[in-house]
Amino acid sequence: MKTLFKKFLTIIILSSIPSLLFSQMWDYEQKDIEKIVWNDDSYVDLEILKPEWKEKSAVILDYELIHELKETSPTGIGHSKLKHYKVVLLDQVAVDNFSEFYFSKERTGIYKMYYKNFVGFRIIKPNGKIEIIDTEKEMIVEKDNYEVKQKIAIPNLQIGDVLDYYLFNYAYDYQNQIKQWEKSHGDYLFIFDRFLVPDKYPISKIKYEIITDKHWKLSIKPINDCPFREFKEGEGEYHFISESENVEALGDLEWDFYYKTRPWLKVYADWEPRHISKQEKEGAKTFSRREIDEKVLKDYMKKYYDADVSSLFGSFQKYLKKNNLTNLSKERKVEEYFYFLRHHFVNMHLMYDKYNNAKEREISHFSFCQHFIFALKKMDIKYDYLLTTPRILGDISDILSMGEVVPILKINFKTPSFIYFDGKFSRYDILPKAIEGVNCIRVKKSPDKRDFILSDYKIPTSNPEKNAFKANIDVKFSDNILTMNGKLSVKGQALPSYQNYFVSVFDFVIEENIKYNTKRWGDPSELKNGKMKDKILQMDQDQKDEFKEDFKEYLTVRLGVKELELNEVKKIELGMTAKDESFSAEYNCTTEELINKVGNNYIIKIGELTGDHFQVKEDELKREYDVYIPYPKMQSYEITLAIPENFELKGIENLTTSIENEYGSYKSTATIQDGRLVLKTNYKINVNFVELENWPKVAEILNTAFELQKKEVLLKKL
Amino acid sequence: MLKAKLLFFSLTILANFCVAQKDTQKALEMGKKYPKSDVYITQNNIDFYLEYNKPDKTVIAIQKEKTSLISLNSNVSHIFTKNYHINSSYIEYARFESESNYNCKIYNLDYSSNNIFHHDEKLKVIELFFKQRGDYLSFVSKKRFLDLKYIEPIYLANLRPTEEKTIKLSIENELEFEILELNFENFDIEKKYEFDEKKNLHKYEFKIKNPPYIADIDDVRGTSFHLPHILILPKSYKSKKHNQEYFKDTKDLYKWYSSLVDSVKDDDDQLKPFLKTLISDNDTDIEKIKKIYYWVQQNIRYIAFEDGIAGFKPEAAHNVFNKKYGDCKGVANLTKHLLNLEGFDARLTWIGTNSRAYDYSIPSLYVDNHMICALFYKDKIYYLDGTERFMPLGHNAERIQNKEALIEDGENFIIKKVPTQKANENARTRTTNMVIEGNTMLGKSIMNYAGESRSNIKAYLNSIENDKKAKALRDYYDSDNIEIKNINYSKIQNFDSLFSINFDFVSTNSAISFDDELYLKFENYPDFKHSEIDTSFLFDYDLHYKKEIRSRTSIDIPSNYTVTFLPESIKYVNSDFILEINFEIINNQIIYNKTINIPNGLIHQTNKEEWNKALKELIEVYNSNIILKKS
């Protein structure tokens, strides 16, 4: 008994010793943090600031970010993060912005996590006086079940003051949780920082620090002219510091992405239970080894590359046989299989989900691919995986973990096809616009099938014709009213937004169930009279009414009018099948706007019917960053206007224009044919990326289209 | 017996089935009647009790409310809120009475308005979600007022269309009280009264079918002006167990306000050093007053961390000064003390803004919702509102004009009305000259702002960062056809003078030639283009302040052209607005004049149709063209 007790006591004592030895930032109290950050009481010499910065609302004089990552005990890991700002407030807006702060801290997760945070504020007045804010007194705290909300108003803040404040938080995790994560996800991330260097305000001095211990393998990479090119040693062998000066403000996004155009720092820490070598440690000071860790990628692909699931392939073959489709080419069969799977995993359940107001079924893209791969193998079709990341996150070489990777299945037909699944409207061989034209890593099996071969690949960009919007509008003028009979159709990358807005489950689910011979759940024609049938019929009617309202709103915006009467609208195509690749609708509407009476004549704003175009103003022609356009596109309009009796049409010469360059084109022609004005326009943007120096060429196309949109014709009384 | 049970069971199901069918039918019917509303309240009952509460040893009020509603559309989210002050009331419970779904929630929030959060005013939020048209939900709540002073007005109206609303009051006989029935005259309200001798209770019932509703309209000035409501005025409670005094008259109200003010511990010594830096001995009295008033406006932020007796007790002046923030009471108190220290007779003043329809003949906390400072100087009273931005001395914001001000006067008080200003004191004038060049017009504009229009534009500019002001102004005046260049504006911090903006511009596609004719667009800033009033709502349309817009545009006629068509002039004059547009040709220039004057800042119900008619003609003029022909 005594021995047992002694053993027990020994364990208790021994497990506490590492905690005592590991006295680091997470052990700190608030006063300890303040000693670290508040070590310079001087005001600021505004003369040292760049002249143009003195006109700014505020300037960050000092910005420090410190990450500390340590083993806190044999079982635990702690991550401390300290942010310290020293900001001089140069106008009232800055005083208002910095005078109120809101925080919330959560205790979340099913695993025990200790989490602490605190904040501190002080003001340095121009006369050198320092006022420390009593956060205990000033902070208002409200507690919820899982959240603690805090807000504070900073007293006595004025223009010219320097606000010196910090935010500290600390999180603790168990080591075995990390191991679990690594096992299931293929890599482990603990510190994961995409540090965007610029801030809302310009920064005079900036410092980035990382402190670890011998258990961490650190990778640091500066991207897009990030100023943190070199990390020097700080206090202790695992302390890395990089500093820089004069960082310009972030600026607003204008058709670009921060991680593509602004400087940022990628920081990754691998937890290594063994000690890391001196060499590895020094590697962390300068540059990253983690471009893409091939081993991580290959381990990741081992789980997915060959994983296949057979559950639906047999049913698909029966479907082909039943519908006399067994002689389809392999390409067509693969395409049909895509829609077959889409139906079985998601679409066939939509009526049920809608009726019960449940979340729509989902299948992960990877699971979808697993079913697909089975079919490809059975049909002896070769495939690869492409690993990429959306443009908004940067480049594939910039990823920090496999969680950022978007895997695409590439089917190696003569003209490759690409598979990506993300819901009920997914289409075969259409990829998300966020990954068109991006670099990726192609993964294919080695000849002996035992390994993978990785190579670079660029995902093709679609062409404008594939993403076409077409509209035909027949316009009649009478009694100060314009009546329009229109038809529009849209496909490719332009399609999803129309489907999400206009296509309802009632439009296609029942037909799909019939086509694929699956249970026609919720089909009113199969239901007996009763509450359920009434409800479904009511839901169908509701969505028809909603569609009309939505379409009216869409037309109102598109035509730039406030009032419009939508007399009729009908969906013609939905873009839901292999053959049916467009959404299209026909409509009839009237409006009194777009016409101005001038004496006995009428001005008709015919240009407003040619789309909703964007104007690039003179000061927007010069850019600082490249341009990322959502996708290449084409818009064509054919508008006919019947010229009423006793009127002649003037001004059609103003409707002819043309411009073309390597980035696109805009062409417009107007003729009179059989008493009608026929106006044809075609707008094309060929690319989804434009270098900043070539932006004026694109702007010229946009402005030409915009100019045409503002053109008017005169109906002159004879 | 079994057959009877089965029959009963069947009938019950049938009854429920019929009720469900009826709700859908009702939803369709009401949906057609109220196309802009997503929900319809079938019943809203309020039971209000005023009674002595033994455990609390005070007289309390309890408000129990039940609301039942149906959805007029599918997938409808709707939010109700119940507000309370942490020191004076609380919500005992709020819960769903009917079966709700997982998307329905009840939770707490801080009350906030205009991005200012209020520390002691809270909201109980009842978030509803309806899956289908005709779905039914009901919820109940109970609110407790810890002190009868804080009983709110009870409205016979809702934010959504309602079938019927009933308010029942039960008031102990020991309470001396008055019930004011306000705005009842235009509505058909059923009233009942009885005295329950057994329980010694006064019982009132008010019932209204299809009560009026206001749904999220910013353009209506104060519900208390229009909607029928009840104000309960407790005066005293006398019984063997308990005696309590409330407000018998305005004197009592003032006495209570005064007691709160007296309890504030101001320390003027903390303000004196600052005043030495602000005021110079050579300053005239008016200069001193301006310095103090303008300094407060520019340097004290409005942050409503309200703390203290439901927001009625002012913060000490030195605290507001030291923190550089405060609410209206704290700011008024600071203004008063700074002026007093300089020897001026400045006093705290309670006032209800123009969202409150009451005056001080009613002894209620609901008469006022704001505090300012009244300065007595040379037979004149200046009303100083430190929460305003860029308000010059001698001017008053629209929201307090013509309102009664309750000014402290030791143990007594003074009631004065804040003077009204005319629309032309808020004038925005614009002078523009344009020349034709090809199919564009090149122009220069000078805009001058006075009064409220000046305060608004300055407040807007003041909210933009220094280095972005010019661009923000450019964007403000830019439009699809207009490109602004060379924009200049006068100093924002100058309180007393007119605020001016001038710029050059290019107006593209505004001179279109058709053969030998030139069609000119002349209106670059179509005021009130989107101001048509929805006449289905029964309330006056609030334009927020008295407005006057005057613009004069001149267009040089090219030497080889003559004017062949000018749009027709229009003129509308009534008690609520003057709208005048005319065109002239003077010295080879086309002169286009526009005047819009709104003397009350309101379009009354009776003038709405005329307003819409005038706007329609105005828009036709805006869209019209001037025609020149080559000679």
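Residues numbered from 1 in each chain as written. Chains lettered and ligands numbered in written order. Predicted model: local features only at pLDDT ≥ 70, side-chain atom pairs only at ≥ 80, totals over all residues. Heavy atoms only, no water.

On to the domain arrangement of chain A. All names here are of chain A. By domain assignment, chain A separates into domain 1 (21-289), domain 2 (304-460) and domain 3 (465-717). Across the contact, 8 residues belong to domain 1 and 9 residues belong to domain 3. Interface area for domain 1 against domain 3, summed over the two sides, is near 760 Å², with a carbon-plus-sulfur share of 68%. Considering only the side of domain 1, the residues that lose the most area to domain 3 are Glu254, Trp255 and Thr261, jointly responsible for 65% of the buried surface there. Linking domain 1 with domain 3 are 0 salt bridges, by the criterion used here. (Domains from an automatic or database assignment. Contact = heavy atoms within 4.5 Å. Buried area = accessible area lost by both parts, 1.4 Å probe. Salt bridge = Lys/Arg side-chain N within 4 Å of Asp/Glu carboxyl O.)

Residues and elements named next belong to chain A. Direction vectors running N to C along helix H9 (residues 313-322) and helix H10 (residues 330-345) enclose 115°, while the axes themselves pass 11 Å from each other. Crossing angle aside, the handedness with which H9 passes H10 is right-handed. Side by side, H9 and H10 meet where Phe313, Ser315, Phe316, Tyr319 and Leu320 of the first sit next to Lys333, Glu336, Tyr337 and Phe340 of the second. Each residue belonging to the contact of H9 with H10 can be placed in one class, and the counts come to 6 nonpolar, 1 polar and 2 charged. (Axes fitted to C-alpha atoms, helices over the stretch in contact; angles between N-to-C directions. Helix = DSSP H or I, 4+ residues; strand = E, 2+ residues; numbered from the N terminus. Left-handed = near helix turned anticlockwise from the far one by under 90°. Nonpolar A, V, L, I, M, F, W, Y, C, P; charged D, E, K, R; others polar.)

This brings us to the packing of aromatic side chains. As enumerated under the stated definition, the model contains 105 aromatic pairs over all chains in all. Their ring planes at 55° and their centres at 6.5 Å tell us that A:Phe98 and A:Phe101 sit as a pair that is tilted. You can call A:Phe98 buried: its relative accessible area is 9%. Aromatic pair B:Phe344 and B:Tyr377: ring centres 6.1 Å apart, planes at 70°, arrangement edge-to-face. Of the two residues, B:Phe344 is situated in the loop between helix H7 (328-341) and strand S17 (345-351) and B:Tyr377 in strand S18 (residues 370-377); the sequence distance between them amounts to 33 residues. B:Tyr377 carries the same exposure label as B:Phe344, and that label is buried. Directly above the aromatic system of A:Trp695 lies the positively charged group of A:Arg623, at a separation of 5.6 Å from the ring centroid. (Phe/Tyr/Trp six-rings, centres within 6.5 Å; stacked < 30°, edge-to-face > 60°. Buried < 20%, exposed > 50% of the residue type's maximum accessible area, 1.4 Å probe, protein only. Lys NZ or Arg CZ within 6 Å of the ring centre and 35° of its normal.)

This part covers the pattern of salt bridges. Evaluation of the coordinates by the stated rule reveals 86 salt bridges over all chains. The shortest N-O distance in the salt bridge between A:Glu47 and A:Lys54 comes to 3.3 Å. Put simply, B:Glu398 and B:Lys546 hold a salt bridge, and the shortest N to O gap is 3.1 Å. Remark: B:Lys546 occurs in the loop between strand S28 (541-542) and strand S29 (547-556) and B:Glu398 occurs in the loop between strand S19 (380-384) and strand S20 (404-409); sequence separation between them is 148 residues. Both residues of the pair, B:Glu398 and B:Lys546, belong to the buried class. Among the charged side chains, a salt-bridge network with shared partners connects B:Arg428, B:Arg430, B:Glu523, B:Asp527 and B:Lys594.

Glancing now at the pairing of strand S21 (residues 481-491) of chain A. Residue and element names in this part refer to chain A. By the bridge criterion, 10 bridges tie strand S20 (residues 468-478) to S21 in an arrangement that is antiparallel. Looking across to S21, one finds that Ser478 is bridged to Ile481. Connecting S20 to the antiparallel partner S21 that follows it, the hairpin turn spans 2 residues, and Asp479 within it adopts a positive phi of roughly 50°. As paired strands, S21 and strand S23 (residues 582-591) are joined by 10 bridges and run antiparallel to one another. Across the sheet, Ser489 pairs through a bridge with Ser584, a residue of S23. (Pairing = 2+ DSSP bridges.)

Before going further, it helps to examine a negative patch on the surface. Residues and elements named next belong to chain A. A cluster of acidic side chains, namely Asp252, Glu254, Glu620 and Glu624, defines a negative patch on the protein surface. Looking at the secondary structure, you find Asp252 in the loop between strand S13 (239-247) and helix H6 (258-261). Overall, the relative accessible area of 59% leaves Asp252 in the exposed class. (Patch = residues over 30% accessible without salt bridge, like charges linked within 9 Å, V, L, I, M, F, W, Y side chains within 5 Å. Areas by Shrake-Rupley, 256 points an atom, 1.4 Å probe, with all protein chains shown as cover. Lys, Arg positive; Asp, Glu negative; His and termini not counted. Charge placed at Lys NZ, Arg CZ, Asp CG, Glu CD.)

Glancing now at the sheet that holds S19(B). Residues and elements named next belong to chain B. Pairing within the open sheet is antiparallel, and its 5 strands lie in the order S19-S18-S17-S20-S21. If you trace the sheet from one side to the other, it starts and ends with S19 and strand S21 (412-417), each paired once. Pairs of neighbouring strands in the sheet enclose a mean axial angle of 35°, with direction left out of account. Bridging between S17 and S20 involves 3 bridges; their strand directions are antiparallel.

This next bit is on the interface of chain B and chain A. How big an interface is tends to be stated in terms of the accessible area lost upon association of its parts. Taken residue by residue, the interface counts 55 residues in chain B and 59 residues in chain A. Roughly 4,600 Å² is buried in total at the junction of chain B and chain A, and carbon and sulfur atoms are behind 43% of that figure. If you look at where chain B meets chain A, you find 9 salt bridges. For A:Lys650, the salt bridge goes to B:Asp515, with nearest N and O atoms at 2.3 Å. Our enumeration of links across chain B and chain A arrives at 23 residue pairs in polar contact (both at pLDDT 80 or more). For the side of chain B that touches chain A, the secondary structure elements donating two or more residues are helix H1 (2-33), strand S6 (116-130), helix H5 (285-299), helix H6 (317-323), strand S24 (482-489), strand S26 (511-514) and strand S27 (517-520) of chain B. Per-element tally for the side of chain B that touches chain A: the top contributor is S6(B), with 4 residues. (Polar contact = N/O pair within 3.5 Å; in protein donor to acceptor, adjacent residues only side chain to side chain.)

The next point concerns the environment of B:Thr67. Residue and element names in this part refer to chain B. Looking at the secondary structure, you find Thr67 in strand S2 (residues 58-71). The exposure class of Thr67 is buried, given its relative accessible area of 3%. For the pair Thr67 and Phe514, spaced 447 residues apart in the sequence, the C-alpha separation amounts to 64 Å. If we skip the residues at most four places from it in the chain, Thr67 touches Ile41, Gln43, Asn44, Phe80, Leu137, Ser138 and Phe139.

Residues and elements named next belong to chain A. If you trace the backbone, Tyr587 turns up in strand S23. The exposure class of Tyr587 is buried, given its relative accessible area of 8%. Once the C-alpha coordinates of Tyr587 and Met139 are considered, the two residues, 448 residues apart in sequence, prove to be 58 Å apart.

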